[in-house]
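Structural description and commentary
Take a look at the letters that make up each chain.
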Amino acid sequence: VMAQLSLRQALDHVRRQQAELAEVMRQRDTVVAAVSHELRTPLTAVLGFIDVLRDTDLGDEERAEFLTTAAGQAEELSHIIDDLLVAARLEQNTLKVTRVPVNLEAQIAQVVEGLNADRIDVESLPVRAWGDPGRVRQIVRNLVTNALRYGGPEIGVSAYPDGDTAHIRVLDNGEAIPNADLDVIFSPYRVGSSRADPAGSVGLGLAISRQLARLMDGDITYHHEDNNSIFDLALPIHS
């Protein structure tokens, strides 16, 4: 009887391991497909613009417009690769961040200008935080891109001091994220069920943003207030 019980326990353990392995393989295939899609989309656009510029007789104004659009797609491709590299380094515990005074208002302005989105409203107070300027910009870009992709039509970005903490808030007037998805949205390679992305998002932006914030002794939180979804980046303030 004891041998049979032990055998059943062993078989149950093997079945659980098989189920876990199957889930890992499924997630891996999903991630590979999503990564391939996200990389291919801007790359195809860049190659298409290059073909047009090479084979078509365009005026100076049209040529400048095509070059600007192609440069934007190439920059998007660079950001995707940067997120993937950061995710890999975070998993290996090899990513290092600097600790210097960071002008949050300037970082926001640089990110918003690069995104070239007219529907982003920026209202920031002068505030400096301790952190890594490049990683702060990466977090802001991910939060704003997340709002552009999933949020409502009105998007706002602000920076302000609060005691010994400096904040960057990114809000949109879209629907609230369901409570069941609140843990999922900060997990790597996961997208909340209510925010299905037709473009096939890799699902890294929020996960690595929170990890980067915590490496800088800060954090990112989410809440819904006054019909707005709000992501709040908090960092140690620099007096």
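Note that the structure is a prediction, hence the values are computed from the model and not measured.

Let's shift gears to the side chain of Gln138. By secondary structure assignment, the location of Gln138 is in helix 4 (residues 133-150). Filtering out sequence-adjacent residues up to four positions away, Gln138 remains in contact with Asp82, Asp83, Val86, Ile208 and Leu212.

Within the structure shown, the criterion is met by three salt bridges. Measuring nitrogen to oxygen at the nearest pair gives 3.1 Å for the salt bridge that ties Asp219 to Arg214. By relative accessible area, which is 24% here, Asp219 ends up partly exposed. Residue Arg214 is classed as partly exposed on the basis of its relative accessible area of 46%. Several salt bridges converge on common partners, so that one network encompasses Arg210, Arg214 and Asp219.

This next bit is on the packing of helix 3 (residues 104-115) against helix 4. Contact geometry of helix 3 with helix 4 gives a least axis separation of 9 Å together with a crossing angle of 50°. Taken together, the axis directions place helix 3 and helix 4 in an arrangement best described as oblique. Note that helix 3 runs across helix 4; the crossing there is right-handed. Packed against helix 3, whose contacting residues are Leu104, Gln107, Gln110, Val111 and Leu115, the element helix 4 presents Pro133, Val136, Arg137, Val140, Arg141, Val144, Thr145 and Leu148 at the interface.

With 39 residues, the main nonpolar core has Leu104, Val136, Ile139, Ile168 and Phe231 as its most contacted residues. Elements represented by at least two residues in this core include exactly helix 2 (60-91), helix 3, helix 4, strand 4 (155-162), strand 5 (165-172), helix 5 (205-215), strand 6 (219-225) and strand 7 (228-236). Counting residues per element, this core draws most heavily on helix 4, which supplies six residues. When sequence neighbours within four positions are dropped, the list of residues in contact with Leu104 reads Val127, Ala129, Val136, Ala159, Ala166, His167, Ile168 and Leu235.

This model, assessed by the stated rule, comprises two aromatic pairs. Plain terms: the ring middles of Phe186 and Phe231 are 6.2 Å apart, the flat faces sit at 70° to each other, and that makes the pair edge-to-face. Highlighted residues: Phe186 in the loop between strand 5 and helix 5 and Phe231 in strand 7, separated in sequence by 45 residues. With relative accessibility at 2%, the residue Phe231 sits in the buried group. Measuring from ring centre to ring centre gives 4.9 Å for Tyr222 and Phe231, while their planes differ by 50°; the resulting arrangement is tilted. Each member of the pair, Tyr222 as well as Phe231, is classed as buried. Taken together, the aromatic side chains of Phe186, Tyr222 and Phe231 make up a single cluster linked through ring pairs. Of note, Arg210 hangs over the ring of Phe186, and the distance from its end group to the ring centre comes to 3.6 Å.

About the thresholds
Residues numbered from 1 in each chain as written. Predicted model: local features only at pLDDT ≥ 70, side-chain atom pairs only at ≥ 80, totals over all residues. Heavy atoms only, no water. Helix = DSSP H or I, 4+ residues; strand = E, 2+ residues; numbered from the N terminus. Contact = heavy atoms within 4.5 Å. Salt bridge = Lys/Arg side-chain N within 4 Å of Asp/Glu carboxyl O. Buried < 20%, exposed > 50% of the residue type's maximum accessible area, 1.4 Å probe, protein only. Axes fitted to C-alpha atoms, helices over the stretch in contact; angles between N-to-C directions. Parallel < 35°, antiparallel > 145°, perpendicular 65-115°, else oblique. Left-handed = near helix turned anticlockwise from the far one by under 90°. Core = buried A, V, L, I, M, F, W, Y, C linked by side-chain atoms within 4.5 Å. Phe/Tyr/Trp six-rings, centres within 6.5 Å; stacked < 30°, edge-to-face > 60°. Lys NZ or Arg CZ within 6 Å of the ring centre and 35° of its normal.

These figures come from the coordinates and say nothing about function on their own.
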